[in-house]
Amino acid sequence: MLLLITLTAFLVSCVVAAKPPQDPVDRTCQLIKDYHCDFFNPDPRCGTDGVTYSNMCQFSKAHCQVRELHVAHDGHCMTSGLGPGTLPGGQAVYDFFCKNLEHQQCGTDQEIVCGSDDVTYTNLCLFEKARCGNNSLTVASYLACPN
């Protein structure tokens, strides 16, 4: 019985201690994975894989699966002429995420984040909004910043 209680406490502490990944693209991919792309307006983008994605949501999800994928150009893909991407895929995903985040309100949940700018953010949403304006911003810690 004591072993079962110890194991349960360990598993709970692992889940509580789990934090989002530090890599900005990984974190952004986690946040958009449940987006319903059909709700976004058509805005075709040609991927470097020769596939036309109907909007940035669909391109972003594809890039999250294949990191070598980039935006070749705006609009539909042609049958030839695909060169190197004009917009790196990670940047396209990040731009898409930030554009959508600016229209969302952050909740009141308390998940303290200290940014590399020495600002304490009360939750990850507020941190991500700040990071959209300063993409060099990183998480310094998951505690309040020292004063």
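Here the structure is a predicted model, which is why all the values come from computation and not from measurement. (Residues numbered from 1 in each chain as written. Predicted model: local features only at pLDDT ≥ 70, side-chain atom pairs only at ≥ 80, totals over all residues. Heavy atoms only, no water.)

Student: Let's hear about the packing of aromatic side chains: which residues, and what values?
Tutor: The final tally for this structure, using the stated rule, is 5 aromatic pairs. The interplanar angle of 25° and the centroid separation of 6.0 Å between the aromatic rings of Tyr35 and Phe40 together place this pair among those described as stacked. Ring pairing ties together the aromatic residues Tyr35, Phe40 and Phe96, which thus form one cluster. (Phe/Tyr/Trp six-rings, centres within 6.5 Å; stacked < 30°, edge-to-face > 60°.)

Student: Give a detailed account of unusual backbone geometry, specifying residues and quantitative values.
Tutor: Of note in the backbone geometry, Asp118 takes a positive phi value of approximately 65° without being a glycine. Positionally, Asp118 belongs in the loop between strand E4 (113-115) and strand E5 (120-121). A residue is classified by how much of its surface remains accessible, and Asp118, at 59% relative accessible area, is exposed. (Helix = DSSP H or I, 4+ residues; strand = E, 2+ residues; numbered from the N terminus. Buried < 20%, exposed > 50% of the residue type's maximum accessible area, 1.4 Å probe, protein only.)

Student: Help me get a handle on the pattern of salt bridges, residues and values and all.
Tutor: Here the structure, examined in full by the defined rule, presents 5 salt bridges. Here Arg131 ties to Glu128 by a salt bridge, and the two come within 2.8 Å at their closest N and O atoms. Taken as a pair, Arg131 and Glu128 lie in helix H5 (residues 124-133) at a separation of 3 residues, close to a single helical turn. When sorted by exposure, Arg131 lands in the same class as Glu128, which is buried. Through salt bridges with shared partners, one network takes in Arg27, Glu128 and Arg131. (Salt bridge = Lys/Arg side-chain N within 4 Å of Asp/Glu carboxyl O.)

Student: Give me the state of the cysteines: which residues, what numbers.
Tutor: On inspection of all chains with the given rule, the structure shows 6 disulfides. One disulfide bridge connects Cys37 with Cys57, the sulfur atoms lying 2.1 Å from each other. Sign of the S-S torsion, about -65° for the bond between Cys37 and Cys57, identifies this disulfide as left-handed. Taken together, the positions of Cys37 in the loop between helix H2 (24-32) and strand E1 (45-47) and Cys57 in helix H3 (residues 56-65) put the pair 20 residues apart, joining distant regions of the chain. (Disulfide = S-S within 2.5 Å.)

Student: Run through the packing of helix H4 (residues 89-101) against H5, naming residues and quoting values.
Tutor: For the pair H4 and H5, interaxial distance at closest approach is 10 Å and the crossing angle is 120°. The pairing of H4 with H5 is recorded here as oblique in orientation. The handedness of the crossing between H4 and H5 comes out as left-handed. Facing H4, whose interface residues are Tyr94, Phe97, Cys98 and Leu101, H5 presents Cys125, Glu128, Lys129, Arg131 and Cys132. By residue class, the composition of the contact of H4 with H5 is 6 nonpolar, no polar and 3 charged. (Axes fitted to C-alpha atoms, helices over the stretch in contact; angles between N-to-C directions. Parallel < 35°, antiparallel > 145°, perpendicular 65-115°, else oblique. Left-handed = near helix turned anticlockwise from the far one by under 90°. Contact = heavy atoms within 4.5 Å. Nonpolar A, V, L, I, M, F, W, Y, C, P; charged D, E, K, R; others polar.)

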